[in-house]
Amino acid sequence: MSTFSASRYTTEYQAIAATLPGQALVWLKELRADALEKFSAHGFPSPREEEWRYTNVSVIEKKLFATVSRETPLPKLQVVDAEWLKSFQLEDTWSVVLIDGHFSAEFSDLDGLPETVSVMGMADALTKQPELLETYLGRAVNNTEHGFIAFNTAWFTDGLFVHVPAKQVLEKPIQVLHIVTQSDVMAITRNVIIIDDMAEARIIESFAGVGDNNYLTAAVTEVFVGRNADHSLYKMQSESEKAYHFGGIYIKQAQDARFTHHNFAFGGLLARSDIHVDLDQASECELNGLYLGVNRQHIDNHTRIYHLKPHASSREIYKGVLGDRARGVFQGRVIVAEDAQKTDSQMNNRNLLLSNEAEADTKPQLEIYADDVKCGHGVTVGQLDEKSIFYLQSRCIDEETARNMLTFAFANEMVDKIKIKSLHDKVLEQVLVRFPQEGVEKSWL
Amino acid sequence: MLTIKNLHVNVGDKPILKGINLQINPGEIHAIMGPNGSGKSTLAHILSGKSGYTVTAGSVAYNNKDLIDMAPEIRAREGVFLAFQYPVEIPGVSNIYLLKAALNAIRKHQGLSEVDAMDFLTLVKGKVRLLEMDEKFLYRAVNEGFSGGEKKRNEILQMAILEPRLCILDETDSGLDIDALKIVSEGVNSLRSPDRSFVMVTHYQRLLDYIKPDFVHVLANGQIVKSGGPELALELEEKGYSWLESDQVAA
């Protein structure tokens, strides 16, 4: 079934293959050829696969989106005026802008970046840093193969490359803004982030589209956090309301590394995030997520934390607010290898349903092969607590306002975890836009 | 201020209050005492507007208005305040925000403009000191992670700031150690005024050592079986409730 559709993409591939970056690199050509073969054989993931059972992406197969070639001047670029861009761009960051799957030097701003730090488009990086990429590209996704990863590897047109050398502490965050300006296109980007030993960096991935365009984003980000390094990665997904989004983030943490991920999944008609972390000895990871669904949105979050070695800890909390006929999915797997004694892991997923037709599917999974570990998980799916509503009413707040206040408070707990002020405010704006109830005040939050 | 006449209240089909009569005048403190299951908390809840209760007969007039018909938030804006037996944790809503929202709702109800930010802060900080609370509590989520004593103190803080006309204290002393009880009582006593009334629902006489009531009523099996002055509380401490319950059975 899916192979037929996949072959349509595969046929198209021949026409664009020669335009993809890294043509001169034999290892990359092999990697792409291998990925193409896998994709041709299996197509996009199907709900028959356990990890995709709640999310059906067959609509993407039917649609046949086209890549935007780098050579064609971007016809719709005029819609990306600086003002519009500013509504997503954060102040006081180094900024990388990818438009329709291609790095835009014009809109990017890397002034003052320390010389030892590399931040550039992936196509440039394949020319300038091929050895480094040969080592890293594809390494973090080794064990998590599915159709979207193969598709991304074969098709990617550009992306973000970041290399922060050992002991370098980046003072400002880097924001990479993935913008899609057209309908019927796809933006396939491959991103590699390397934070060497003892280095510290904060990176924000923002995804946005113009108007109500129907397009596909498929971004794969591979992250390598070196020994005793510290990395915070934020994802702000506010794609257009008819967009399809796949964003996979695959992280390898070395010994003593610390990694925090914040996933704000707000946009798109159908959106799926993978956040898969491999933990070495005594490393720490924190995964925070907030998904807001309205209308008929389908938002899927798939997390996997793999404790490979002893003494590592993981903390995960995902919250969903689902209204109208929206559907939220949370699949959280924690795997503790036989060798990973003294693992300390907590996973939590809480869902708030605002309408009778909204749906939350939640599936926490613990797979523990070690015998001396502390692992816990909790899940809730429910509506607003009537006791809380009465308490607020008894404090002079009318019922509707009380409901709004509690809904926002529920979501805001995750927004408040953002440690970058400008991003915090942007995310808050996005939360407010998505729940435009009358009388909602910013001061609540 | 508050006139309760022949009040009958059911939970489901079960009668809980069976004809309560009570007159509370401005400035008075009334203690409602009684054994578990006597209907004390139901009385507190019905006055504050909690759902789940059906008034089957009788009336409650508050400043000559029908209280039962008012939504809980309207009662609150009209000056009825319930200090909860079990204050609810509201994660994500800060104490200070709730205080401000509540105060402004009352002011709006009274046709006044919103409170000035500086005046508000001065007011709040003064009351925080009165209740010997840490200012940090203001910026924490409402009751979240508070100890039992901190929650009760927080209720009194809200009361002190909102300046209600009718204060209903539901088992405020339960779960408090003696130091916390003293602080809470001082907070309540500082609010006593000729135009403010209190209804203290309590199982224990101890609270009345610190907040002296004008009247004590004993509730048993959904009715007030005895009313008297503060000395009645002492008598109850000595004899327990059983003599009154059996009195009623005999009657």
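Computed from a prediction, not measured in an experiment: that's the story for all the values here.

*Asks:* I'd like a rundown of the domain arrangement of chain A, residues and numbers included.
*Replies:* Residue and element names in this part refer to chain A. Partitioning chain A into domains gives domain 1 (2–280) and domain 2 (391–445). Each of domain 1 and domain 2 has a C-alpha centre, and the two are 31 Å apart. Taken together, the contacts link 17 residues of domain 1 with 13 residues of domain 2. In this assembly, domain 1 packs against domain 2 so that about 1,200 Å² is buried in total across both faces, 73% of it on carbon and sulfur atoms. When the buried surface of domain 1 facing domain 2 is broken down by residue, Tyr 234, Phe 264 and Phe 266 rank first, second and third, together holding 41% of it. Between the two partners, domain 1 and domain 2, sit zero salt bridges. Per-element accounting of the side of domain 1 that touches domain 2 gives the leading share, three residues, to strand E10 (residues 230–238). Taken together, the residues of the side of domain 1 that touches domain 2 break down into eight nonpolar, five polar and four charged.

*Asks:* Tell me about the sheet that holds strand E1 (residues 2–11) of chain B, and name the residues and values.
*Replies:* Strand order across the open sheet formed by four strands is E2-E1-E4-E5 (chain B), with antiparallel pairing between neighbours. Both edges of this open sheet fall to strand E2 (14–24) and strand E5 (65–66) of chain B, since each of them pairs with a single strand only.

*Asks:* So what about the nonpolar core? Which residues, and what values?
*Replies:* Within the largest apolar cluster, 65 residues are counted, with the highest numbers of intra-cluster contacts made by Phe264(A), Leu290(A), Val427(A), Leu2(B), Ile4(B) and Leu7(B). Per element, the largest residue contribution to this core is nine residues, and it comes from helix H9 (residues 399–415) of chain A. If near-sequence neighbours (up to four positions away) are discounted, Leu290(A) is found in contact with Asn263(A), Phe264(A), Ala265(A), Phe266(A), Lys319(A), Ala411(A), Met414(A), Val415(A) and Val431(A). With 50 residues, the next largest nonpolar core counts Ala102(B), Ile156(B), Val216(B) and Val218(B) among its residues.

*Asks:* How would you sum up the packing of helix H8 (residues 386–393) of chain A against H9(A)? Please name residues and give values.
*Replies:* Residue and element names in this part refer to chain A. Packing of H8 against H9 leaves a shortest axis separation of 9 Å and a crossing angle of 125°. In terms of their interaxial angle, H8 and H9 are classed as oblique. Seen along the crossing, H8 lies across H9 with a hand that is right-handed. Contacts from Glu 386, Ser 388, Ile 389, Leu 392 and Gln 393 of H8 reach H9 at Glu 399, Ala 402, Arg 403, Met 405 and Leu 406. Of the residues in the contact of H8 with H9, the class split is five nonpolar, two polar and three charged.

*Asks:* So what's going on with the interface of chain A and chain B? Residues and values would help.
*Replies:* On the chain B side, the residues contacting the 20 residues of chain A number 30 residues. When chain A packs against chain B, the two sides together hide about 2,000 Å² of surface, and 67% of this comes from carbon and sulfur. Interface area lost by chain A to chain B is led by Tyr391(A), Arg395(A) and Cys396(A), which between them contribute 37%. Remark: the boundary between chain A and chain B carries one salt bridge. For Arg395(A), the salt bridge goes to Glu155(B), with nearest N and O atoms at 2.7 Å.

*Asks:* I'd love a proper account of the pairing of strand E13 (residues 270–279) of chain A, names of residues and values included.
*Replies:* Residues and elements named next belong to chain A. Among the 10 residues that make up E13, 10 are buried, leaving the element largely enclosed by the rest of the structure. As paired elements, strand E11 (residues 244–253) and E13 share 10 bridges and run parallel to each other. Along E13, the bridge assignment pairs Lys 252 with Asp 278. Note that E13 and strand E15 (residues 298–307) share 10 bridges and pair parallel. Following the sheet pairing, Leu 270 is matched in E15 by His 298.

*Asks:* Tell me about unusual backbone geometry, and name the residues and values.
*Replies:* Residue and element names in this part refer to chain A. In this structure, Leu 64 takes a positive phi of about 55° despite not being glycine. By secondary structure assignment, the location of Leu 64 is in the loop between helix H3 (58–63) and strand E1 (66–67). By relative accessible area, Leu 64 is classed as partly exposed at 25%. Even without being a glycine, Asp 92 presents a positive backbone phi close to 60°. Mapped onto the elements, Asp 92 comes out in the loop between helix H4 (82–86) and strand E2 (94–99).

*Asks:* Hey, could you go over the packing of helix H2 (residues 26–42) of chain A against helix H7 (residues 147–155) of chain A for me, with residue numbers and the actual values?
*Replies:* All names here are of chain A. Between H2 and H7, the least distance of the axes is 8 Å, while the angle of their chain directions is 140°. One way to sum up the angle between H2 and H7 is to call them oblique. By crossing handedness, the relation of H2 to H7 is classed as left-handed. Here Leu 31, Arg 32, Ala 35, Leu 36, Lys 38 and Phe 39 of H2 come into contact with H7, specifically with Gly 147, Ala 150, Phe 151, Thr 153, Ala 154 and Trp 155. By residue class, the composition of the contact of H2 with H7 is eight nonpolar, two polar and two charged.

*Asks:* Provide a residue-level description of the sheet that holds strand E10 (residues 197–202) of chain B, including the pertinent values.
*Replies:* Residues and elements named next belong to chain B. In space, the six strands of this open sheet follow the order E6-E9-E10-E3-E11-E12, with mixed pairing throughout. One side of each edge strand has no neighbouring strand; the edge strands of this open sheet are strand E6 (80–83) and strand E12 (223–228). Within the sheet, the average angular offset between the axes of one strand and its neighbour, ignoring direction, is 20°. With five bridges connecting them, strand E3 (residues 29–33) and E10 associate as parallel partners. Counted as the bridge partner of Ile 29 is Phe 198 from E10. Contacts between helix H1 (residues 40–48) and the sheet are confined to E3, E6, strand E9 (166–170), E10 and strand E11 (215–220), with E9 contributing the most and set at about 145° to the helix.

*Asks:* Mind laying out empty space enclosed by the protein, listing which residues take part and the relevant values?
*Replies:* All names here are of chain A. This structure, assessed with the given rule, holds six cavities of 30 Å³ or more. Residue lining of the largest cavity: Ser 87, Phe 88, Leu 90, Gln 175, Ser 206, Phe 207, Met 236, Ser 238, Leu 423, Lys 426 and Gln 430, and that is the complete set. Where the lining of the largest cavity is concerned, the elements lending two or more residues are strand E8 (200–209), E10 and helix H10 (421–434). The element contributing the most residues to the lining of the largest cavity is H10, with three residues. For the lining of the largest cavity, the residue count by class is five nonpolar, five polar and one charged. Looking at which domains feed residues into the lining of the largest cavity, each of domain 1 (2–280) and domain 2 (391–445) gives three or more. Roughly 60 Å³ of volume is contained in the second largest cavity. What lines the second largest cavity is simply Ile 16, Thr 19, Leu 20, Pro 21, Thr 67, Val 68, Ser 69, Arg 70, His 102 and Thr 157. By residue class, the composition of the lining of the second largest cavity is four nonpolar, five polar and one charged.

What counts and how
- Residues numbered from 1 in each chain as written.
- Chains lettered and ligands numbered in written order.
- Predicted model: local features only at pLDDT ≥ 70, side-chain atom pairs only at ≥ 80, totals over all residues.
- Heavy atoms only, no water.
- Domains from an automatic or database assignment.
- Contact = heavy atoms within 4.5 Å.
- Buried area = accessible area lost by both parts, 1.4 Å probe.
- Salt bridge = Lys/Arg side-chain N within 4 Å of Asp/Glu carboxyl O.
- Helix = DSSP H or I, 4+ residues; strand = E, 2+ residues; numbered from the N terminus.
- Nonpolar A, V, L, I, M, F, W, Y, C, P; charged D, E, K, R; others polar.
- Pairing = 2+ DSSP bridges.
- Core = buried A, V, L, I, M, F, W, Y, C linked by side-chain atoms within 4.5 Å.
- Buried < 20%, exposed > 50% of the residue type's maximum accessible area, 1.4 Å probe, protein only.
- Axes fitted to C-alpha atoms, helices over the stretch in contact; angles between N-to-C directions.
- Parallel < 35°, antiparallel > 145°, perpendicular 65-115°, else oblique.
- Left-handed = near helix turned anticlockwise from the far one by under 90°.
- 1 Å grid on protein atoms, 1.4 Å probe; cavity = no way out; pocket = protein on both sides within 12 Å on 5 of 7 lines; lining within 4 Å.
- Points joined across faces, edges and corners; volume = space filled by probe spheres on them.

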